Amino acid sequence: MHIQTAHARLQLVPVSVGIAVATGTNWFVYIIRADDGSLYTGVSTDVARRFAEHRNGSRGARYFNGRRPLEVIYTEGGHSRASACRRESEIKKMSRDRKMALVESAAGSYPSGNP
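Quick look at the structure, then. Being a predicted model, the structure only gives us computed values, none of them experimental. (Residues numbered from 1 in each chain as written. Predicted model: local features only at pLDDT ≥ 70, side-chain atom pairs only at ≥ 80, totals over all residues. Heavy atoms only, no water.)

A look at the overall build of the protein chain
Counting its secondary structure elements, the protein chain contains 3 helices and 5 strands. Within the protein chain, the proportion of its 115 residues that are buried is 44%. Taking the contacts inside the protein chain whose residues are at least 6 apart along the sequence as the reference set, 61% of them involve residues at least 24 apart. When the accessible surface of the protein chain is split by element, carbon and sulfur atoms take 48% of a total near 6200 Å². (Helix = DSSP H or I, 4+ residues; strand = E, 2+ residues; numbered from the N terminus. Buried < 20%, exposed > 50% of the residue type's maximum accessible area, 1.4 Å probe, protein only. Contact = heavy atoms within 4.5 Å. Areas by Shrake-Rupley, 256 points an atom, 1.4 Å probe, with all protein chains shown as cover.)

Quick notes on helix H1 (residues 47-56)
For H1, every residue scored as buried is listed here: Val47, Arg50, Phe51, Glu53 and His54. The buried residues of H1 occupy an angular sector of 155° when the element is viewed end-on, so they sit on one face. On its buried face, H1 sits against strand E3 (27-34), strand E4 (39-44) and strand E5 (69-79). For H1, the N-terminal capping position is held by Asp46, with its side-chain oxygen 3.3 Å away from the main-chain nitrogen of Ala48. Among the residues trailing H1, Gly57 stands out with phi positive, at a value near 85°. (Arc of directions from axis to C-beta. Polar contact = N/O pair within 3.5 Å; in protein donor to acceptor, adjacent residues only side chain to side chain.)

With respect to the pattern of salt bridges
With the rule as written, the count across this model stands at 8 salt bridges. The salt bridge partner of Glu53 is Arg59, with a shortest N-O separation of 3.8 Å. A relative accessible area of 68% means that Arg59 is categorised as exposed. Salt bridges linked by common partners bring Arg49, Arg50, Glu53 and Arg59 together as one network. (Salt bridge = Lys/Arg side-chain N within 4 Å of Asp/Glu carboxyl O.)

With respect to the environment of Ser38
Note on placement: Ser38 falls in the loop between E3 and E4. Under the relative-accessibility criterion, Ser38 is labelled buried at 14%. For the pair Ser38 and Pro69, spaced 31 residues apart in sequence, the C-alpha separation works out to 9.4 Å. With residues near it in sequence (within four places) discarded, Ser38 still touches Ile32, Arg33, Tyr63, Arg67 and Arg96. Polar side-chain contacts of Ser38 include one of 2.5 Å to the side chain of Asp36. At a separation of 2.6 Å, a polar atom in the side chain of Ser38 contacts the side chain of Tyr63.

A look at helix H2 (residues 81-93)
What sets the pattern is the α-helix's 3.6 residues per turn: residues three or four places apart point alike. Its 13 residues give H2 an end-to-end C-alpha distance of 19 Å, which sits within 8% of 18 Å, the value for a rise of 1.5 Å per residue. Residues Ser83, Ala84, Arg87, Glu88 and Ile91 constitute the buried set of H2. On an axial view of H2, the arc spanned by its buried residues comes to 140°, and they lie on one face. (Expected span 1.5 Å × (residues − 1).)

Some thoughts on the pairing of E5
The buried fraction of E5 amounts to 8 of the 11 residues, a majority that puts the element mostly inside the structure. Here E3 pairs with E5 via 7 bridges, running antiparallel. By the bridge assignment for E5, Arg33 is matched with Glu71. (Pairing = 2+ DSSP bridges.)

The analysis is restricted to geometry; functional conclusions fall outside its scope.
Structure, rendered in structure tokens:
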């Protein structure tokens, strides 16, 4: 599935921590659900590695001090570093309801119906 944004046409990548690995300048925007139910948005070229860093506390975001990351619930690939950072900022400005609608719309685009 592709999403047209103000900046670029983006490809949604199925959420599987082992799949979301970028090559070259291909960056991902991702959303992680924390144990307190909150959502964290970040960017990376390797979502699996970044998720492991968040979980292990090594080089993880300060956001997870006092919270535990549970799962990657959304990834969006096809970005340059600059466009990934812009998209991250757009998503961070969204309400929780809009973020969850984004996650749910992406989940419906996968063949199995789940990311």
